[in-house]
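The lines below spell out each chain.
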Amino acid sequence: RINIEMDGKKLALNDIAGNFDLANQPSIHFDLRAKENEGNMKVSGLWGGKNKAVSIEADNFELTNYLAYLPEELAIKVNGGKLTSFKPTVTSDEDGHLDIDGEALLLDVGLNVEGTDIDDIDGFILFNESELRIFSRGKISNQPIVLKGTTDLNMVEPMLNLEISAKAFDIAQAMANFPVK
């Protein structure tokens, strides 16, 4: 068991197993597995030397267990759901430049966006260090919607470029709390 503490918040990794290969110093090849609550994760890669790469494969994480780690000032509040798959890869070259690429699958997620609840979100997210691409379905006021778009992360305040569509949407049902009037 390993306990990780950050800003007074704790995570406990359990059932840790893995290998470290030190044969090619200064590079270290590693392959680790652990559990955190119901979630499973595998972390593998090569670190040290000129080029570095770390891949993470995680699944079955209940989002409510991690809400305390999100900044309180976010305009989007997470109400729950499951991260069924999370697969980021981080690489670094000899100059220390980091590249991040990955994907995530969400199931039954609930969000509150500036007072509007979006429920039953099932979605797929592609991301890198500069952009997030979202493809999902959910409900606003129990009405099915499709949400897709991008978020530019290269800005001081990330810019959302999202498109919401629905086949039959009664705006009057959702208008009381809708963030755009």
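For the structure, check the block above.
Below or above, wherever it landed, is the structure these notes cover. (Residues numbered from 1 in each chain as written. Predicted model: local features only at pLDDT ≥ 70, side-chain atom pairs only at ≥ 80, totals over all residues. Heavy atoms only, no water.)

1. As for the side chain of Thr150
Within the secondary structure, Thr150 is located in strand 11 (residues 143-152). For Thr150, the residues in contact, after removing those within four places along its chain, are Glu131, Leu132, Arg133, Met159, Leu160, Asn161 and Leu162. (Helix = DSSP H or I, 4+ residues; strand = E, 2+ residues; numbered from the N terminus. Contact = heavy atoms within 4.5 Å.)

2. Some points on the packing of aromatic side chains
For the structure shown, the criterion picks out three aromatic pairs. Ring geometry for Phe61 versus Tyr66: centroids 5.7 Å apart, planes at 55°, classification tilted. Both residues of the pair, Phe61 and Tyr66, count as buried. A centroid spacing of 5.8 Å and a plane angle of 20° characterise the contact between Phe86 and Phe127, whose relative ring orientation is stacked. (Phe/Tyr/Trp six-rings, centres within 6.5 Å; stacked < 30°, edge-to-face > 60°. Buried < 20%, exposed > 50% of the residue type's maximum accessible area, 1.4 Å probe, protein only.)

3. What to know about unusual backbone geometry
Between Gln25 and Pro26 the backbone carries a cis peptide bond, its omega angle lying at 10°. Within the element layout of this structure, Pro26 appears in the loop between strand 2 (9-21) and strand 3 (28-36). Of note in this structure, Asp15 is not a glycine but carries a positive phi near 50°. Residue position: Asp15 is located in strand 2. In the Ramachandran plot, Ser141 falls in the positive-phi region, its phi being about 50° despite a non-glycine side chain. With respect to the helices, strands and loops of the structure, Ser141 is situated in the loop between strand 10 (131-140) and strand 11.

4. Overview of the pairing of strand 4 (residues 39-47)
Residues in a regular strand point their side chains to alternate faces of the sheet. Sheet topology places strand 3 next to strand 4; nine bridges connect them, and they run antiparallel. Its bridge partner being in strand 4, Ile28 is matched across the sheet by Trp47. Counted along the chain from strand 3 to the antiparallel partner strand 4, the turn is two residues long, and its residue Asn37 has a positive phi close to 55°. One ladder, built from seven bridges, connects strand 4 with strand 5 (residues 52-59); its direction is antiparallel. Directly across from Met41, in strand 5, lies its bridge partner Ala58. (Pairing = 2+ DSSP bridges.)

5. Quick look at the nonpolar core
Grouped together as the largest cluster of nonpolar side chains are 17 residues, with contacts concentrated most on Leu83, Val109 and Ile125. For this core, the secondary-structure elements that each account for two or more residues are strand 8 (98-113), strand 9 (116-128) and strand 10. (Core = buried A, V, L, I, M, F, W, Y, C linked by side-chain atoms within 4.5 Å.)

6. Concerning a nonpolar patch on the surface
On the surface, Ile2, Ile4 and Ile16 cluster together into a nonpolar patch covering about 230 Å² of accessible area. By the secondary structure assignment, Ile4 is in strand 1 (residues 2-6). Among the residues examined, Ile4 registers a relative accessible area of 40% and is labelled partly exposed. (Patch = residues over 30% accessible without salt bridge, like charges linked within 9 Å, V, L, I, M, F, W, Y side chains within 5 Å. Areas by Shrake-Rupley, 256 points an atom, 1.4 Å probe, with all protein chains shown as cover. Salt bridge = Lys/Arg side-chain N within 4 Å of Asp/Glu carboxyl O.)

7. Observations regarding the pairing of strand 3
Alignment of strand 2 against strand 3, held across six bridges, turns out to be antiparallel. Looking across to strand 3, one finds that Ala17 is bridged to Arg33. Counting the residues between successive antiparallel strands, the hairpin from strand 2 to strand 3 contains six residues.

8. A look at the side chain of Thr151
Tracing the backbone shows Thr151 in strand 11. If near-sequence neighbours (up to four positions away) are discounted, Thr151 is found in contact with Ser130, Glu131, Leu132, Ile134, Pro158, Met159 and Leu160.

9. Digging into the pattern of salt bridges
Tallying each qualifying case throughout the model produces four salt bridges. Of the charged contacts, one joins Glu62 and Lys82 as a salt bridge, the two residues approaching to 3.4 Å between their closest N and O atoms. Within this pair, whereas Glu62 is found in strand 6 (residues 61-62), its partner Lys82 is found in strand 7 (residues 76-92), the two being separated by 20 residues in sequence.

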